[in-house]
Amino acid sequence: MLKRAYVEITNICNLRCSFCPGTRREKRYMSPTTFRLLAEKLRPYVSYLYLHVMGEPLLHPQLSELLDIANALDFKVCLTTNGTLLAKRRDLLLSKPPYKVSVSLHAMEGNGAGDLLPYLTSVWDYVRPAASGGTICALRLWNIGGADQRNGEILGFLSEKLGAWPLDLPQPRAGSWRLRERLYLEQAEKFDWPDLSAPEEHTRFCLALRDQVAVLADGAVVPCCLDHEGDVPLGDLLHQDLREVLASPRARALYEGFSQGKPSEELCRRCGFARRFG
């Protein structure tokens, strides 16, 4: 049933991005012991392990050990990062390569970045050898329709590196351009994160609990990677099996509600991302 699980190895971030709501939850790093316990419980159900919900995963001081644990369990490890720490973590990520790394290039918006060149250069200095070594690298510009865009500068930088305008390169699917082998540019509209204070979005369907599940830094299971405050706790994976959590009345109501086009959770009815599912 499930394909992927998001595990929040830290909810601490080094930026305050304009598109990200952040979280008011207690700041923490997940210990390797806790991570191993959760990963072992998730392994029978998913093969893709995403090491983020909130927070910047490259900040984690024991990231190397976490990668060792995930690799030993034969997960396909995926990371999403703002890219500011790629120079610092480059050697680690090249020696213990994840399956996929997504870099949110739009993270510089609203963070006071003046000269983008050092940042973009450090990202390029990682993704170029990483893609050659087998890691799928996605450069994200998920900010169409947003403010403070610097997409022209970013696309210009990529054009110089590639010798071609990125948007003129092969497009394997809508919103994705193949820049090189295993290196892609992804563009998408800016979306509004689900929040209990937001207006209803008339959501009808989502892949939560069908394709994915998420585990916060304290072990709480939530339906998806956008529940930034843990507003829909379904269980505690530190003390329960995932099968038990997914069989809970609240989880079943959420699953069946999406099947009927009537989300049972107030948060899900206020999710701008769900517009992508039609």
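Residues numbered from 1 in each chain as written. Predicted model: local features only at pLDDT ≥ 70, side-chain atom pairs only at ≥ 80, totals over all residues. Heavy atoms only, no water.

Things to note about the packing of helix 3 (residues 86-95) against helix 4 (residues 117-132)
Axes are the key here: two packed helices are described by the angle between their axes and the distance separating the axes.
Stage number 1. Running from amino to carboxyl end, helix 3 crosses helix 4 at an angle of 10°, the nearest separation of the two axes being 9 Å. Overall, the two elements helix 3 and helix 4 adopt an arrangement that is roughly parallel. Contact with helix 3, carried on its side by Leu86, Ala87, Arg90, Leu93 and Leu94, involves Ser122, Val123, Asp125, Tyr126, Pro129 and Ala130 of helix 4 and no other residues of that element.
Stage number 2. Across the contact of helix 3 with helix 4, the residue classes break down as 8 nonpolar, 1 polar and 2 charged. (Axes fitted to C-alpha atoms, helices over the stretch in contact; angles between N-to-C directions. Helix = DSSP H or I, 4+ residues; strand = E, 2+ residues; numbered from the N terminus. Parallel < 35°, antiparallel > 145°, perpendicular 65-115°, else oblique. Contact = heavy atoms within 4.5 Å. Nonpolar A, V, L, I, M, F, W, Y, C, P; charged D, E, K, R; others polar.)

Remarks on unusual backbone geometry
Where the residue is not glycine, phi is negative for most of them; where a peptide bond is considered, it is trans in most cases.
Stage number 1. Although it is not a glycine, Arg182 adopts a positive phi angle of roughly 65°.
Stage number 2. Along the chain, the position of Arg182 falls in the loop between strand 6 (176-180) and strand 7 (183-189).
Stage number 3. Although it is not a glycine, Leu209 sits at a positive phi angle of roughly 70°.
Stage number 4. With respect to the helices and strands, Leu209 occurs in the loop between strand 7 and strand 8 (212-215).
Stage number 5. Relative accessible area serves as the criterion here: at 3%, Leu209 is assigned to the buried category. (Buried < 20%, exposed > 50% of the residue type's maximum accessible area, 1.4 Å probe, protein only.)

A word on the nonpolar core
Stage number 1. Formed by 89 residues in total, the largest nonpolar core has its most connected members in Phe35, Leu42 and Leu139.
Stage number 2. Considering each element in turn, this core owes the most residues, 8 residues, to helix 4.
Stage number 3. The residues touching Phe35, leaving out its near neighbours within four places in the chain, are Val7, Ile9, Met30, Leu49, Leu51, Leu66, Ile69 and Ala70. (Core = buried A, V, L, I, M, F, W, Y, C linked by side-chain atoms within 4.5 Å.)

Overview of the pairing of strand 7
Stage number 1. Burial analysis of strand 7 places 5 of its 7 residues in the buried class, the great majority of the element.
Stage number 2. With 6 bridges joining them, strand 5 (residues 136-144) and strand 7 adopt parallel strand pairing. Bridge assignment links Arg140 to a residue of strand 7, and that residue is Glu186.
Stage number 3. The pairing of strand 6 with strand 7 spans 4 bridges and is antiparallel. In the sheet register, Ser176 faces strand 7, and the bridge partner there is Glu186. (Pairing = 2+ DSSP bridges.)

Regarding the packing of helix 2 (residues 63-72) against helix 3
Stage number 1. The geometry of helix 2 relative to helix 3 is characterised by a closest axis approach of 11 Å and an angle of 25° between their N-to-C directions. Classified by the angle their axes make, helix 2 and helix 3 are roughly parallel. Read as a crossing pair, helix 2 and helix 3 show a hand that is right-handed. Each of Leu63, Ser64 and Leu67 in helix 2 lies in contact with helix 3, whose residues at this interface are Arg89, Leu92 and Leu93.
Stage number 2. In terms of residue class, the contact of helix 2 with helix 3 is made up of 4 nonpolar, 1 polar and 1 charged. (Left-handed = near helix turned anticlockwise from the far one by under 90°.)

Section: helix 4
Stage number 1. Helix length check: helix 4, at 16 residues, gives a terminal C-alpha distance of 22 Å against a target of 22 Å (1.5 Å per residue), a fit within 8%.
Stage number 2. Turning to helix 4, its buried residues number three or more, namely Tyr119, Leu120, Ser122, Val123, Trp124, Tyr126, Val127, Ala130 and Ala131.
Stage number 3. Two residues or fewer past helix 4, Gly134 is found with a positive phi of approximately 120°. (Expected span 1.5 Å × (residues − 1).)

Looking at the sheet that holds strand 2 (residues 48-50)
The pairing of strands in a sheet comes from backbone hydrogen bonds and takes either a parallel or an antiparallel form.
Stage number 1. The strand order 6-7-5-4-3-2-1-8-9-10 describes an open sheet built from 10 strands, whose pairing is mixed. If you trace the sheet from one side to the other, it starts and ends with strand 6 and strand 10 (235-236), each paired once.

Some details on the packing of aromatic side chains
The way to describe two aromatic rings as a pair is by their centre distance and the angle between their planes.
Stage number 1. Inspection of the entire model under this criterion finds 5 aromatic pairs.
Stage number 2. With centroids separated by 4.9 Å and ring planes inclined at 75°, the aromatic side chains of Phe191 and Phe273 adopt a geometry described as edge-to-face. Of this pair, Phe191 sits in the loop between strand 7 and strand 8 while Phe273 is found in the segment after helix 7 (249-259), placing the two residues 82 residues apart along the sequence.
Stage number 3. Take Phe191: its relative accessible area is 13%, and that puts it in the buried class.
Stage number 4. One aromatic cluster is present, formed by Phe191, Trp193 and Phe273 through successive ring pairs.
Stage number 5. Residue placement shows Arg43 over the ring face of Phe75; its charged tip is 5.0 Å from the ring centre.
Stage number 6. Geometry around Trp142 places Arg140 over its ring, the cationic atom sitting 4.0 Å from the centre. (Phe/Tyr/Trp six-rings, centres within 6.5 Å; stacked < 30°, edge-to-face > 60°. Lys NZ or Arg CZ within 6 Å of the ring centre and 35° of its normal.)

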